[in-house]
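Letter by letter, the chains look like this.
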Amino acid sequence: MSDQTSDPQSQVQVRFTTRHADVAVPTAPILVPTTLKRYGLSEVINHLLDTDTPTPFDFLINGSFLRTSLDDYLTQNGLSRETVVEIEYIRAVLPPSHLASYEHPDWVGSVHVREKLVLSGAYDGIARVWNMSGDVVCATSAVDAPLKSVKWVDEGRFVTAGMDRTVRLWEWDAQEVAGEDGAAEARCLGRFKGHSAAIEDLAVAGNNVLSAGADGVLNFYSLNTAEQNEASEDEDTGAQRKRRRTAKSAPQAPSYSPLLTLTQSETSSGANPSPLSATIFAPESSELAYTASWDHSVRTYDLPTATLLSTITPTSHPLLSLCALPSLHLLAAGTASRTITLIDPRAGAATTNAGSLTGHTGMVVSVCQNGQSYGVNSASHDGTVRVWDVRAMKGAIHVLRPREEGKMFGVDGGEMGIVGGGEGKRIEVWSHVEKRD
């Protein structure tokens with residue numbers, strides 16, 4: 001192996017471990033040169049595996065990726081050469097490459113990927129469906145308020161919500177093309193009321209929708225409108241009615257009330273409920289819901305019984321975004337303190353805080369699983385999208401920067417790749433992080 005030397009004083013004992021049985025090597029300590037870096041250690045693993053085609057690996061020591069030689073690591077951490085160094089290895093991947101930018105007339109507040117389509121919600125109040133060529137194949141009529149969350153329901157329907165305090169259900173036909181710009185016009189099938197402040201986040205499971213609001217309210221709706229109760233129109237002020245008459249607003253559609261409303265003031269101290277920032281359905285059951293709040297808490301609700309099952313406070317900072325890591329039984333929450341907190345929400349867990357991913361320099365306002373058991377993507381007000389492996393707490397695997405500077409507001413991943421949007425008025429698309437679990 002290229003980096004090896006016969007000087008015993010420049011060697012150290014290491015024990016290699018991995019969580020992937022197909023590339024496991026014996027765990028007995030072996031001597032390796034301290035001059036080895038990532039490439040040389042990959043050579044060692046491939047030699048032990050006796051592979052025909054070499055596989056590149058990354059190496060973790062105490063939750064950090066090794067980016068120096070072993071000798072530098074030992075020196076920087078004040079460790080003796082007599083130490084047995086525990087090294088975990090994982091398959092390495094190339095950094096995602098920038099593929100495309102899709103321009104918007106205003107900030108992009110939210111993105112959601114389904115197969116080869118991207119749904120975006122912008123601050124101009126319009127939701128758009130984009131194909132892989134960067135064409136808008138469908139657009140909604142404008143809502144007189146910024147959109148902060150958009151979610152696919154199925155291939156022909158999606159929901160939007162934002163600062164107008166209303167969830168809207170839209171339908172479109174991929175075969176229907178209308179207008180000079182070649183984009184089909186989405187039809188509004190229903191408006192779902194029940195919030196007194198901006199809706200910060202939506203979650204969808206089948207025909208069920210959750211909306212989390214800055215009013216501290218979590219609402220549950222069924223998109224099967226036969227199950228919904230029609231709502232009376234809000235008591236608008238004269239100014240609000242005038243804006244609705246003069247603005248290019250969404251087509252009027254039936255208005256419905258939530259089937260269930262849960263308010264944080266009912267379960268927390270203080271007169272005013274803290275704003276909710278995010279909500280998701282539990283991966284194991286759509287009858288369970290999680291919420292993240294500015295009061296630093298994650299709450300678990302049983303929806304059929306409208307019961308608060310637990311309230312945990314894994315950090316002392318506001319929580320701004322939330323996603324699930326099902327195979328690890330963890331939640332990942334972006335925080336106002338520029339970290340991503342890993343949370344174990346299960347009853348009886350030894351600790352609710354399973355660690356924090358550090359590296360962002362701005363608030364982490366959107367997180368999603370990147371398709372791998374240990375993978376998380378995040379978007380931040382520091383203007384970056386970052387790719388993480390939760391086994392490495394100190395620093396992202398990759399830092400992705402948009403073509404135009406500005407805060408990033410949303411991130412998602414799917415068949416198209418990694419997709420983000422924000423103040424740059426663009427959807428940014430990067431290639432996949434290759435599968436390595």
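Only a predicted model underlies this, so the values are computations on that prediction, with no experimental measurement involved. Here the residue index of a chain counts from 1 through its sequence in written order. Local features are withheld for residues below a pLDDT of 70 in this predicted model, meaning they are given only at 70 or higher, and side-chain atom pairs are given and counted only at 80 or more; totals for whole chains, interfaces and linings count all residues. Just so you know, side-chain values use all the structure's heavy atoms and leave hydrogens and water out.

Visitor: Looking at this structure, I do not really get the pairing of strand β1 (residues 11-17). What am I missing?
Guide: The side chains of a regular strand alternate, residue by residue, between the two faces of the sheet. Two strands make a pair as long as DSSP finds a minimum of two bridges between them. Put simply, DSSP marks the helices as runs of H or I at least four residues long and the strands as runs of E at least two long, and each gets a number from the N terminus on. Of the strand pairs in this sheet, β1 and strand β2 (residues 30-33) are connected by four bridges, and their pairing is antiparallel. Directly across from Gln11, in β2, lies its bridge partner Pro33. Of the strand pairs in this sheet, β1 and strand β5 (residues 84-91) are connected by five bridges, and their pairing is parallel. Among the inter-strand pairings, Arg15 is bridged to a residue of β5, identified as Glu86.

Visitor: I keep staring at the packing of aromatic side chains and nothing clicks. Help me out?
Guide: For any pair of aromatic rings, the description consists of the separation of the ring centres together with the inter-plane angle of the planes. Side-chain rings of Phe, Tyr and Trp, where Trp is taken by its six-membered ring, are said to pair if the distance between their centres is within 6.5 Å; with planes under 30 degrees apart they count as stacked, over 60 as edge-to-face, and otherwise as tilted. Tallying each qualifying case throughout the model produces twelve aromatic pairs. In this structure an aromatic cluster arises from ring pairing among Phe16, Phe57, Phe59 and Tyr89. Definition used: whenever NZ (Lys) or CZ (Arg) falls within 6 Å of the ring centre and also within 35 degrees of the ring normal, the charge is taken to sit over that ring. It is Arg391 that lies over the ring of Tyr374; its NZ or CZ is 3.9 Å from the centre.

Visitor: Which parts of the structure should I look at to understand the sheet that holds strand β24 (residues 298-302)?
Guide: Strand-to-strand pairing in sheets goes through backbone hydrogen bonds, with the strands running parallel or antiparallel. The four strands lie next to each other as β22-β23-β24-β25, forming an open sheet whose pairing is antiparallel. What marks the edges here is a single partner per strand, and that holds for β22 (276-282) and β25 (307-312). Recorded for the sheet is a direction-independent mean angle of 20° between the axes of neighbouring strands. Where β24 and β25 come together, five bridges link them in antiparallel fashion. Paired with Arg299 across the strands is Thr311, a residue of β25. Orientation is described by lines fitted to C-alpha atoms, with helices fitted over the stretch in contact, and by angles between N-to-C directions that extend from 0 to 180 degrees.

Visitor: Please clarify how the UniProt feature "repeat: WD" (unreviewed entry) in the chain should be interpreted in this entry.
Guide: UniProt positions are given in the numbering used here, feature names are shortened, and annotations may be inferred rather than shown by experiment. In the numbering used here, UniProt assigns the feature "repeat: WD" (unreviewed entry) to residues 357-391. Counted over residues 357-391, helix gives 0% and strand 54%. Its end C-alpha atoms are 9 Å apart.

Visitor: Would you mind showing me how to read the sheet that holds strand β35 (residues 417-422) here?
Guide: Across the sheet, four strands lie side by side as β6-β36-β35-β34; this open sheet has antiparallel pairing. In this open sheet, the two edge strands, each paired with only one partner strand, are β6 (98-103) and β34 (408-414). Between one strand axis and the next, the sheet turns by 20° as a mean value, whatever way the strands run. Pairing geometry for β6 and strand β36 (residues 426-430), over five bridges, is antiparallel. Looking at β36, one finds that Ala100 is bridged to Val429.

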